[in-house]
Amino acid sequence: MLVIDEAAIVGTRALARLFDAADAGGSRLILVGDPHQLQSIEAGGVLRGLEKRMPTIGLTENRRQRHAWERVALADLRAGEVGRFLTAYQAHGRIHIGDTADHAKQQLISYWSTLLRFRRDVVILALRRDDVADLNRLARNKMLEGRRLGAEAVIAGDREFRTGDRVVCLRNQRADGLLNGLRGVVTAINPEARSLTARVTDGTDRIVPTSYLDAGHLDHGYAMTIHKAQGLTSDEALVLATDDLYQEAGYTALSRARLDARVYVVADDPSIDLAHGATARPGTSAVADLNRWLARTQSDQLAKDVARGDAASRNLR
């Protein structure tokens, strides 16, 4: 029996090869995942297609989010009821608007820095890698300003690592217990060996060797891409919303946190006139943008389901 977790992000061709191998070997495949979260980079849609055709076993109760209102709001977002989701998030002060992209990032990092004393697991999430790099830089500068990082450092390429640094693994190296997406905090530096020790989220220590560092497989982990965070659970999540955000990515990012998830978005010009001639309140257009972005779906569908839909629409015409 082979269990495939996060099956929605596995491409159709890869799954087809697994189906053929399992059929030939008399094995059983179990696919686990959520078609409303991130989709495959390649052609996909198998999980959603099977869900339409076969009986499934599904989770009916959300045990991650502590607040009942947030569980309802996230269920609305997952179902495409974006307006209801935004109304709830606005009512609970979870949407924060910056005048510019830099201001929105500064707001996010400023709030993040206030959480450091609580020893909570806080993740910063963004869709674009350049935004993640920028947020990592800003967060680490806060750590340096607050003297929260050690004096000794290991340099690997353009990265510097000190005790106290948040880090994330970018590649699997199973012999050393290093897995793609594994997060931790640097607890020790060995300048002579050019290695470091990181305490990962399960409380165990991992030694990160020079070869892994020099290959660029370890990065600062204050901020992560939303794709890297799928499957992750944290105490709090701070999400930078940009114009390429979409429903599945938004739902994935905002459903990571147990206690608190917040959205940081850039405001448009508040003086833009509305259709009826009134003037928009500051931030109104930013929330309207967020509504539009989260209403977009990148849901994968099987080619035969798309063809069936096209045929049905032709029949209706």
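Above this text sits the structure in question.
Residues numbered from 1 in each chain as written. Predicted model: local features only at pLDDT ≥ 70, side-chain atom pairs only at ≥ 80, totals over all residues. Heavy atoms only, no water.

## Focus on the overall build of the chain
Reasoning step 1: Secondary structure summary: the chain contains eleven helices and 14 strands in total.
Reasoning step 2: On C-alpha atoms alone, the chain measures out to a radius of gyration of 22 Å, which is about the 20 Å that the 2.2 N^0.38 rule sets for 317 residues.
Reasoning step 3: Counting only C-alpha atoms, the chain reaches 70 × 70 × 35 Å along its principal axes.
Reasoning step 4: Relative to its 317 residues, the chain shows a buried fraction of 42%.
Reasoning step 5: Taking all contacts inside the chain whose residues are at least 6 apart in sequence as the whole, residues at least 24 apart take part in 68%.
Reasoning step 6: Working note: accessible area of the chain is about 17,100 Å², and carbon and sulfur atoms make up 50% of it. (Helix = DSSP H or I, 4+ residues; strand = E, 2+ residues; numbered from the N terminus. Rg over C-alpha atoms; globule rule 2.2 N^0.38 Å. Buried < 20%, exposed > 50% of the residue type's maximum accessible area, 1.4 Å probe, protein only. Contact = heavy atoms within 4.5 Å. Areas by Shrake-Rupley, 256 points an atom, 1.4 Å probe, with all protein chains shown as cover.)

## Structural notes on the sheet that holds strand 9 (residues 195–200)
Reasoning step 1: If you trace the five strands from one edge of the open sheet to the other, you get 10-9-8-7-11, paired in antiparallel fashion. Lying at the two open borders of the sheet, with one neighbouring strand each, are strand 10 (205–208) and strand 11 (218–220). Shown here is a sheet whose adjacent strand axes are inclined to one another by a mean of 40°, direction ignored.
Reasoning step 2: When strand 7 (residues 166–169) meets strand 11, the two strands line up antiparallel, connected through three bridges. What sits directly across from Val 168, in strand 11, is Asp 219. (Pairing = 2+ DSSP bridges. Axes fitted to C-alpha atoms, helices over the stretch in contact; angles between N-to-C directions.)

## Focus: the packing of helix 3 (residues 68–78) against helix 9 (residues 247–254)
Reasoning step 1: For the pair helix 3 and helix 9, interaxial distance at closest approach is 9 Å and the crossing angle is 160°. One way to sum up the angle between helix 3 and helix 9 is to call them roughly antiparallel. Between helix 3 and helix 9 the crossing geometry is left-handed. Residues Leu 74, Leu 77 and Arg 78 of helix 3 lie in contact with helix 9, whose contacting residues are Gln 247, Gly 250, Tyr 251 and Leu 254. (Parallel < 35°, antiparallel > 145°, perpendicular 65-115°, else oblique. Left-handed = near helix turned anticlockwise from the far one by under 90°.)

## Digging into the packing of aromatic side chains
Reasoning step 1: Considering all chains together, one arrives at three aromatic pairs under this definition.
Reasoning step 2: Ring centres of Trp 69 and Tyr 89 lie 5.6 Å apart, and the angle between their planes is 70°; this geometry places the pair in the edge-to-face category. Here the residue Trp 69 occupies a position in helix 3, and Tyr 89 occupies one in helix 4 (residues 82–91), the gap between them amounting to 20 residues.
Reasoning step 3: With a relative accessible area of 0%, Tyr 89 lands in the buried category.
Reasoning step 4: Aromatic ring contacts, followed pair by pair, group Trp 69, Phe 85 and Tyr 89 into a single cluster.
Reasoning step 5: In this arrangement the basic side chain of Arg 120 is found over the ring face of Phe 118, its NZ or CZ atom lying 5.0 Å from the centre. (Phe/Tyr/Trp six-rings, centres within 6.5 Å; stacked < 30°, edge-to-face > 60°. Lys NZ or Arg CZ within 6 Å of the ring centre and 35° of its normal.)

## Description of the sheet that holds strand 13 (residues 234–240)
Reasoning step 1: Read from one edge of the open sheet, five strands run 3-14-13-4-12, paired in parallel fashion. Edge positions in the sheet fall to strand 3 (95–98) and strand 12 (223–225), since each has one partner strand and no second. Pairs of neighbouring strands in the sheet enclose a mean axial angle of 25°, with direction left out of account.
Reasoning step 2: Pairing of strand 13 with strand 14 (residues 257–266) involves six bridges; the strand directions are parallel. Bridge pairing in strand 14 links Ser 234 to Ala 257.
Reasoning step 3: Taken strand by strand, helix 6 (residues 129–145) contacts strand 4 (122–126), strand 12 and strand 13, and its axis lies near 170° from that of strand 12.

## Focus: the nonpolar core
Reasoning step 1: Judged by nonpolar contacts, the single largest core of 37 residues is most densely connected at Phe 85, Tyr 89, Leu 254 and Leu 290.
Reasoning step 2: Broken down by secondary-structure element, the contributors of at least two residues to this core are helix 3, helix 4, strand 4, helix 8 (226–229), strand 13, helix 9, strand 14 and helix 10 (284–295).
Reasoning step 3: In this view, Tyr 89 contacts Trp 69, Glu 70, Ala 73, Leu 74, Arg 94, Ile 95, Leu 254, Ala 261 and Val 263; residues no more than four positions away in its chain are not counted.
Reasoning step 4: Within the second largest apolar cluster, 20 residues are counted, among which are Leu 138, Leu 238, Leu 240 and Tyr 264. (Core = buried A, V, L, I, M, F, W, Y, C linked by side-chain atoms within 4.5 Å.)

## Points about the pairing of strand 7
Reasoning step 1: Where strand 7 meets strand 8 (residues 183–190), three bridges bridge the pair, whose relative direction is antiparallel. Bridge pairing in strand 8 links Val 167 to Gly 184.

## A short note on helix 5 (residues 101–114)
Reasoning step 1: Relative to the 20 Å expected for 14 residues at 1.5 Å per residue, helix 5 spans 20 Å between its end C-alpha atoms, a close match to the ideal helical length.
Reasoning step 2: Looking only at helix 5, the buried set comprises Ala 104, Lys 105, Leu 108, Ile 109 and Trp 112. Projection of helix 5 onto a plane perpendicular to its axis shows the buried side chains occupying an angular sector of 130°, all on one side.
Reasoning step 3: Each element contacted by the buried residues of helix 5 is listed here: strand 3, strand 4, helix 6, strand 13 and strand 14. (Expected span 1.5 Å × (residues − 1). Arc of directions from axis to C-beta.)

## Remarks on the side chain of Glu 70
Reasoning step 1: Topologically, Glu 70 is positioned in helix 3.
Reasoning step 2: Side chain to side chain, Glu 70 and Tyr 89 meet in a polar contact 2.9 Å long.
Reasoning step 3: Non-local contacts of Glu 70, meaning those with residues more than four positions away in its chain, are made with Gln 65, Tyr 89, Arg 94, Leu 259 and Ala 261. (Polar contact = N/O pair within 3.5 Å; in protein donor to acceptor, adjacent residues only side chain to side chain.)

Function cannot be inferred from these measures alone, as they are strictly geometric.
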